[in-house]
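Here is what each chain is made of, one letter per residue.
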Amino acid sequence: MGKKITASITAVGGFVPPDKLTNFDLEKMVDTNDEWIRTRTGIEERRILKGESLATSDMVVPAVQDLCRTRGIDPMDIDCMIVGTVTPDMVFPATANIACDKLGAKNAWGFDVSAACSGFLYSLTLGASLIESGRYKKVVVCGADKMSAIIDYSDRSTCIIFGDGAGAVLLEPNTEGFGVLDSILKSDGSGCHYLHMKAGGSKRPATIETVIAKEHYIYQEGQAVFKFAVKGMADVSAELLERNHLTGNDIAWLVPHQANKRIIDATAHRMGLSSEKVMLNIQRYGNTTAGTIPLCLWEWQNQLKKGDNIVLAAFGGGFTWGATLVKWGF
Ligand code: UT7
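These numbers come from a predicted model, not from an experiment.

Cut-offs and rules
Residues numbered from 1 in each chain as written. Predicted model: local features only at pLDDT ≥ 70, side-chain atom pairs only at ≥ 80, totals over all residues. Heavy atoms only, no water. Helix = DSSP H or I, 4+ residues; strand = E, 2+ residues; numbered from the N terminus. Buried < 20%, exposed > 50% of the residue type's maximum accessible area, 1.4 Å probe, protein only. Domains from an automatic or database assignment. Contact = heavy atoms within 4.5 Å. Buried area = accessible area lost by both parts, 1.4 Å probe. Salt bridge = Lys/Arg side-chain N within 4 Å of Asp/Glu carboxyl O. Nonpolar A, V, L, I, M, F, W, Y, C, P; charged D, E, K, R; others polar. Core = buried A, V, L, I, M, F, W, Y, C linked by side-chain atoms within 4.5 Å. Pairing = 2+ DSSP bridges. Axes fitted to C-alpha atoms, helices over the stretch in contact; angles between N-to-C directions.

Attention shifts here to unusual backbone geometry. Phe92 connects to Pro93 through a cis peptide bond whose omega is 0 degrees. On the secondary structure map, Pro93 appears in the loop between β4 (80-84) and α4 (95-103). Phe319 follows Gly318 through a cis peptide bond whose omega is -5 degrees. Structurally, the position occupied by Phe319 is in the loop between β12 (309-316) and β13 (320-327). Even without a glycine there, the phi angle at Ala116 is positive, about 50 degrees. Relative to the elements of secondary structure, Ala116 occurs in the loop between β5 (109-113) and α5 (119-132). Judged by its relative accessible area of 13%, Ala116 falls in the buried class. At Thr289, a residue that is not glycine, the phi angle is positive and equals roughly 60 degrees.

So, on to the domain arrangement of the chain. Per the domain assignment, the segments making up the chain are domain 1 (6-177) and domain 2 (181-327). Here domain 1 and domain 2 have C-alpha centroids that lie 14 Å from each other. Taken together, the contact between domain 1 and domain 2 spans 49 residues of the former and 45 residues of the latter. Here domain 1 meets domain 2 over a buried area of about 3,600 Å², counting both sides, of which 64% is carbon and sulfur. Ranking the residues of domain 1 by area buried against domain 2 places Cys117, Leu121 and Tyr122 at the top, with a combined share of 18%. The interface formed by domain 1 and domain 2 holds one salt bridge in total. With a shortest N-O distance of 3.6 Å, Asp152 and Lys214 are connected by a salt bridge. Looking at the side of domain 1 that touches domain 2, the elements that each hand over two or more residues are β1 (6-15), α2 (34-41), β3 (45-47), α5, β6 (139-146) and β7 (164-174). Of the residues assigned to the side of domain 1 that touches domain 2, the class counts are 22 nonpolar, 18 polar and nine charged.

Moving on: the nonpolar core. Ile218, Ile251, Leu254, Val311 and Phe315 are the most contacted members of the largest nonpolar core, which totals 39 residues. For this core, the secondary structure elements donating two or more residues are α8 (222-243), α9 (261-271), β12 and β13. Sorting elements by how many residues they give to this core places α8 first, with six residues. Two domains each put at least three residues into this core: domain 1 (6-177) and domain 2 (181-327). Excluding residues within four positions of it along the chain, Ile218 makes contact with Met147, Ile150, Ile151, Thr158, Phe162, Leu195 and His196. Grouped together as the second largest cluster of nonpolar side chains are 33 residues, Leu121, Tyr122, Ile310 and Val326 included.

This brings us to the sheet that holds β6. Strand order in the open sheet formed by five strands is β1-β7-β6-β4-β5, with mixed pairing between adjacent strands. Each edge of the open sheet is held by one strand with a lone partner, namely β1 and β5. The mean angle between the axes of side-by-side strands here comes to 20 degrees, regardless of whether they run parallel or antiparallel. Running at roughly 85 degrees to β1, helix α11 (residues 292-300) makes contact with β1, β6 and β7 of the sheet.

Right, here's the structure in full:
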């Protein structure tokens, strides 16, 4: 009998646009201040993708090129590409298709996954399953969002949080027990009410009225989402540890979705992890939705060691949430 195939992460890529939007810039745009934003969220600045008709795929492409360079492969070697995003270039076709074309990844099929801030975790589990099945050898999983495209920069309750960015990982088969080992994913559509975009879908197609009513922007009831997020992310992370007979001592890194530093602190505390084991870059990038977790992996890749147990955890719109256990493979 052959050894069990797991999906190992063998390379990471990332891209953040060069333009920064700082808390001080926001002070000039809405009634807010640097101190409030820093203490309530941990954010100091975020990146914004500027440029005529630049879209989410324009961040996916450099992130995947970065990954290919690191691994020494050509985009033609990619079998499948999955993009977690809620800000696709267009309603259809999928951003994955557009990005593959721009990359010259002519042998890849691909699709998008709409799971908001859990988009990368959902996509990672799907990608890992494709590898585990034995049918595919190189699957690229991206988390990417151009949040600035759906933010109302006169709404202080949402515009201070979000930023733009993309990250990607390459999954390859492994028979030594490295890679995606377990994953608990959850969803609860009754949470839709608290975090959504009102118009632009089939329920409320775009009209002059929807534009005037600013219904093509994010709507969020922050406090309610905050409460669900603290409980959801901490519970699922604790459940993942328990189910794998692990404690905080066995975990080298927590890679949390970067929505609010207070949510991250609560999750780390519940898992018994000190802050040195928590990846945190929210201060520089804000909440890039599906981008946050792969962007952390991208920035921390040189500090990760082969064999490290890491836990990725997220909570977001849907509601969607989950936690994934990865044994680092390179
Ligand atoms: O990633 C997807 C999932 N999303 C999340 O996980 C986000 C979860 N929610 C949050 O992170 C937080 O709820 C926010 C950061 C969005 C808001 O923080 P909060 O501590 O929940 O603030 P709040 O909404 O309860 O507002 C507190 C006060 C209010 O004033 P009053 O009514 O107490 O006088 C707000 O009007 O702060 C006011 N406020 C602001 N003040 C300065 C709200 N936004 C701002 C602002 N600057 N930008």
